[in-house]
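# Fold and geometry: a report
Here are the chains, one letter per residue:
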Amino acid sequence: MTTKILSNENNDLTTSDYLVIGLATCFIKEDGEVHQVEVIEPIPSAALEVILRGIPTSYKLAYATTIGEVLSTNAQLSSLEFLNNAKLGEKFQQRALAATRTYKRKGSVAKLIPIGTKYTELNYSIERKRLLNQSRLVTRDDNIKQHPNTHKTL
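Numbering of residues starts from 1 in every chain and runs along the sequence as written. Thresholds applied to this predicted model are a pLDDT of at least 70 for local features of residues and 80 or more for the giving and counting of side-chain atom pairs; totals over whole chains, interfaces and linings are not thresholded and use all residues. Side-chain measures here rest on the full set of heavy atoms in the structure, leaving out hydrogens and waters.

### Considerations on the sheet that holds strand β5 (residues 118-119)
Spatial strand order, β4-β2-β1-β3-β5: 5 strands in an open sheet with mixed pairing. The sheet is open, and its two edges are formed by β4 (87-88) and β5, each paired on a single side. The pairing criterion for strands is at least two bridges between them, as found by DSSP. Starting at the N terminus, helices and strands are each numbered in turn, a helix being any DSSP run of H or I of at least four residues and a strand any DSSP run of E of at least two. When strand β1 (residues 18-30) meets strand β3 (residues 59-66), the two strands line up antiparallel, connected through 7 bridges. When the bridges of β3 are listed, Ile21 appears paired with Tyr63. By definition, residues are in contact when any of their heavy atoms lie within 4.5 Å. Axis lines are fitted through C-alpha atoms, for helices just across the contact stretch, and the angle between N-to-C directions can take any value from 0 to 180 degrees. The sheet contacts of helix α1 (residues 45-52) involve β1, β2 (33-43), β3 and β5, and relative to β2 the element is tilted by about 115°. Helix α4 (residues 92-105) rests against β1, β2 and β4 of the sheet, and its axis sits at about 45° to β2.

Encoded structure:
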């Protein structure tokens, strides 16, 4: 039996809808030093398709589950042995709901990893470090200089 997720914005989702979460290795820069952290994040369908084709990724594993299992209690996620010591990613619930919708639109991707299955055959690489708390300061020098005739009618 499937039940709807109660919320005006989420009335299109049920607790049995497919979702993939991943265990990613990320980095946080503090006081000039870079620290490694494990993060649990939802993986949207388009990202999963590309990751399963073998591109380098910071994900160590992908786990197929349902949105109901993920949202029922976050304690359930930490009870999974392979997710121990990992933290939930920023805006996890909001991103999980959005990722679930991507699988509803593209149902064929949901067949790549069966529910309850852990997939570890990823091309794991941390060569390009993924910084979580990196901020980009935009300056005037970042503006693109346009040709003087760009906005003129000739």
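### Remarks on the layout of surface pockets
Within this scheme a cavity is a closed region of a 1 Å grid, computed over the protein atoms alone, that accommodates a 1.4 Å probe without allowing it to escape, whereas a pocket is open but has protein on both sides within 12 Å along at least five of seven lines; lining residues each have an atom within 4 Å of a point. Grid points are joined across faces, edges and corners, and a volume is the space filled by probe spheres set on the points. The computed volume of the largest pocket comes to approximately 260 Å³. Contributing to the lining of the largest pocket are Ile51, Ile55, Pro56, Thr57, Ser58, Tyr59, Ser125, Glu127, Arg128, Lys129 and Arg130. Each residue is assigned to one of three groups, with Ala, Val, Leu, Ile, Met, Phe, Trp, Tyr, Cys and Pro labelled nonpolar, Asp, Glu, Lys and Arg labelled charged, and all others, Gly among them, labelled polar. Considered class by class, the residues forming the lining of the largest pocket number 4 nonpolar, 3 polar and 4 charged. Together, Ile28, Val37, Val39, Glu41, Lys87, Leu88, Gly89, Glu90, Arg95, Arg130, Leu131 and Leu132 line the second largest pocket. Residue assignment for the lining of the second largest pocket shows that the elements contributing at least two residues are β2 and β4. Here the element with the most residues in the lining of the second largest pocket is β2; it accounts for 3 residues. Of the residues contributing to the lining of the second largest pocket, the split by class is 6 nonpolar, 1 polar and 5 charged.

### Quick look at the environment of Lys104
Looking at the element boundaries, Lys104 is found in helix α4. Contact partners of Lys104, with chain neighbours within four places excluded, come to Asp12, Leu13 and Asp17. A polar side-chain atom of Lys104 sits 2.7 Å from the main-chain carbonyl oxygen of Asp12. We define a polar contact as two N or O atoms separated by no more than 3.5 Å, with the added condition that, inside protein, one atom must be a possible hydrogen donor and the other a possible acceptor, whereas residues neighbouring each other in sequence contribute only through side-chain atom pairs.

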